[in-house]
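Geometric and topological summary
Listed here are the chains, written in short residue letters.
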Amino acid sequence: MTGHLFKVIRERLPCTQREIAERLGVDATTVQGWESGRRALTAMAAGQLLTLRRRLLGYGADPHSIALLGAAMDADGVIAHALDESLPDRDPRSHPLAGWVFTRASTHMIAWALTGSAPAALPPAPTATPRRRGPSPETPLLAEPDRRRFYDHMRRYAEIADRSGEGGALLRRQALYLCSYDMAPDTHAWLADMRARRPVRLTHSTWSPEWADARSLATSLTRYGEFDVLHRFIERGMGGDAGEIANLNYWAHWLGMDRVPRPDDSFMADRSSGLWDAGALLRSFADRLDPDLGCVDLNVHSVWSLMASRPGVLAADPRLADELRRRVVLLLDSGSVSQQARRELDAVHYGLRLSSP
């Protein structure tokens, strides 16, 4: 993933492999090895990798793409672990997904290798970017046998983590979410079975790792057209302060606004974790008010909750208020949301009218 992202950055400069090799002071075969995956960029010493990033930035590379190199390295660690058949099943706490709460950027970077769809955080290519031919592929999509090995590994470790109880909660949650990208005929049934193994008892007053597991699994099942689980989670899991705080804290971390590394999911319940920028979070929600998204009801609830908890959040951004107003009206007219989401949209629409000058 790191090598393919390097290729994307190089082509958008734009530079040929030979040109970027000359600028970086390496052989063209080294660049070819990075981009094809034959030579791992992640094997480079940390100081050299930092220097590489700075030099690319100095040559005019897109800074948002440069920032994603860290997420690509995280993805490479997970993919390499999953495809290494020499590793025996062992203590789940040693798994890369067991001690680090992944963000959207890292998760979508892994998904890029599984689906071929570029991460949402990767800026679109400039219209003038030339298309080049070469030995490296157009996308980092894994070959089908490797994708199957990856998903089999994730299923196996999700089950190992499930047997480990609370100590395996983070690994179970993150492995299950990655398995939801698997379009194998039995995936939906397997996910439903994993949900049945661990019935979730949600309360309005307390938070537990089960809450985070239930949220991820409910959103995952929407890929298969199962929306009732998400609706029940919104009703039962976010009907009180504990759930609302956890949901917003998780969104902030997932979208990269909470930049503190998190070793487990407990930060979601921490009221002092909410030091993220509420305006930035609300701006990130705007394009999620889309009737075509499977989790649109969760997105609506999150907007409603954020505006209720931070009533002055729109004061400094009238353009955002206008954009939200437009999207809320479109959603109300679409008839594509649940009754609860519709009530929340009405409340958001009323709040937006009150906030207008």
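You'll find the structure just up there.
As a starting point, this report considers the structure included with it. Just so you know, the residues in each chain are numbered from 1, in the order the chain's sequence is written. Owing to the predicted nature of the model, reporting of local features is limited to residues with pLDDT of at least 70; listing and counting of side-chain atom pairs is limited to 80 or more, with chain, interface and lining totals taken over all residues. As a convention, hydrogens and water are excluded, and side-chain values are obtained from all of the structure's heavy atoms.

1. Considerations on the packing of aromatic side chains
A pair of Phe, Tyr and Trp rings is counted when the ring centres sit within 6.5 Å of each other, with Trp represented by its six-membered ring. The angle between the planes then sorts it: under 30 degrees is stacked, over 60 is edge-to-face, the rest tilted. If you walk through the whole model with that rule in mind, you get seven aromatic pairs. Arranged with centres 5.1 Å apart and planes meeting at 80 degrees, the rings of Trp251 and Phe285 form a pair that is edge-to-face. Highlighted residues: Trp251 in helix α13 (residues 241-254) and Phe285 in helix α14 (residues 278-286), separated in sequence by 34 residues. Buried, partly exposed and exposed residues are distinguished by accessible area as a fraction of the type maximum, computed with a 1.4 Å probe on protein chains only: under 20%, between the cut-offs, and over 50%, respectively. According to the relative accessible area criterion, Trp251 is buried, its value standing at 4%. Take Phe285: its relative accessible area is 0%, and that puts it in the buried class. Through a chain of ring-to-ring contacts, the aromatic side chains of Tyr177, Tyr181, Tyr250 and Trp254 assemble into a single cluster. Definition used: whenever NZ (Lys) or CZ (Arg) falls within 6 Å of the ring centre and also within 35 degrees of the ring normal, the charge is taken to sit over that ring. Between Arg215 and the ring centre of Trp251, over which it is positioned, the NZ or CZ distance is 5.1 Å. In this structure, Arg223 packs its charged tip against the face of Tyr177, placed 5.3 Å from the ring centre. Helix numbers and strand numbers start at the N terminus; a helix is a DSSP run of H or I with at least 4 residues, a strand a run of E with at least 2.

2. Side note on unusual backbone geometry
In this structure, the amide linkage connecting Leu13 to the following residue, Pro14, adopts the cis form with an omega of -10 degrees. Among the secondary structure elements, Pro14 is positioned in the loop between α1 (2-12) and α2 (17-24).

3. Structural notes on α1
Among the 11 residues in α1, 10 count as buried, and that is most of the element. Of all the positions in α1, only Thr2, Gly3, His4, Leu5, Phe6, Lys7, Val8, Ile9, Arg10 and Glu11 are classed as buried. In what follows, a contact means two residues having at least one pair of non-hydrogen atoms within 4.5 Å. Buried residues along α1 sit against α2, α3 (28-36), α4 (46-58), α5 (63-67), α6 (69-83) and α7 (104-115).

4. Describing the packing of helix α12 (residues 228-237) against helix α15 (residues 296-309)
The interhelical angle for the contact between α12 and α15, taken along N-to-C directions, is 20 degrees, at an axis separation of 9 Å. When the axis of α12 is compared with that of α15, the two are roughly parallel. In this structure, the crossing between α12 and α15 has a hand that is right-handed. Contact residues: Leu230, His231 and Ile234 in α12; Asp297, Leu298 and His301 in α15. Side-chain classes follow a simple rule in which Ala, Val, Leu, Ile, Met, Phe, Trp, Tyr, Cys and Pro form the nonpolar group, Asp, Glu, Lys and Arg form the charged group, and the remainder, Gly included, forms the polar group. The residue makeup of the contact of α12 with α15, split by class, is three nonpolar, two polar and one charged. Axis definition: a line fit to C-alpha positions, over the contact stretch in the case of helices; interaxial angles, taken between N-to-C directions, run 0 to 180 degrees. Just so you know how the angles are binned, under 35 degrees is roughly parallel, over 145 roughly antiparallel, 65 to 115 roughly perpendicular, and the rest oblique. Crossing handedness: left-handed means the near helix sits turned counterclockwise from the far one by under a right angle, and right-handed means the same turn made clockwise.

5. What about the nonpolar core?
Among the nonpolar cores identified, the biggest contains 108 residues, and Phe6, Met109, Ile110, Phe150, Met154, Leu282 and Leu314 are the most heavily contacted of them. Tallying contributions element by element places α6 first for this core, with eight residues. Among all residues touching Phe6, those that are not within four sequence positions of it are Ile20, Leu24, Val31, Trp34, Glu35, Leu41, Leu52 and Leu56. Each nonpolar core is a collection of buried residues, namely Ala, Val, Leu, Ile, Met, Phe, Trp, Tyr and Cys, held together in the definition by side-chain atoms within 4.5 Å.

6. Quick notes on the pattern of salt bridges
The rule for a salt bridge is simple: a side-chain nitrogen of Lys or Arg has to be within 4 Å of a carboxyl oxygen of Asp or Glu. Scanning all chains against the criterion turns up 20 salt bridges. Salt-bridge contacts for Glu11 lead to Lys7; the nearest nitrogen and oxygen are separated by 3.2 Å. Taken as a pair, Glu11 and Lys7 lie in helix α1 at a separation of four residues, close to a single helical turn. Across the pair, exposure class does not vary: Glu11 and Lys7 are buried alike.

7. Let's talk about the side chain of Arg104
Along the polypeptide, Arg104 turns up in helix α7. Within this scheme the basic residues Lys and Arg register as positive and the acidic residues Asp and Glu register as negative, but His and the chain ends are omitted. Lacking a salt bridge, the buried Arg104 has Asp287 as its closest oppositely charged neighbour, with an N-O distance of 6.4 Å. If sequence neighbours within four positions are ignored, Arg104 has contacts with Ala120, Ala121, Trp254, Leu255 and Arg288.

Scope: geometric values only; no functional claims are made or implied.
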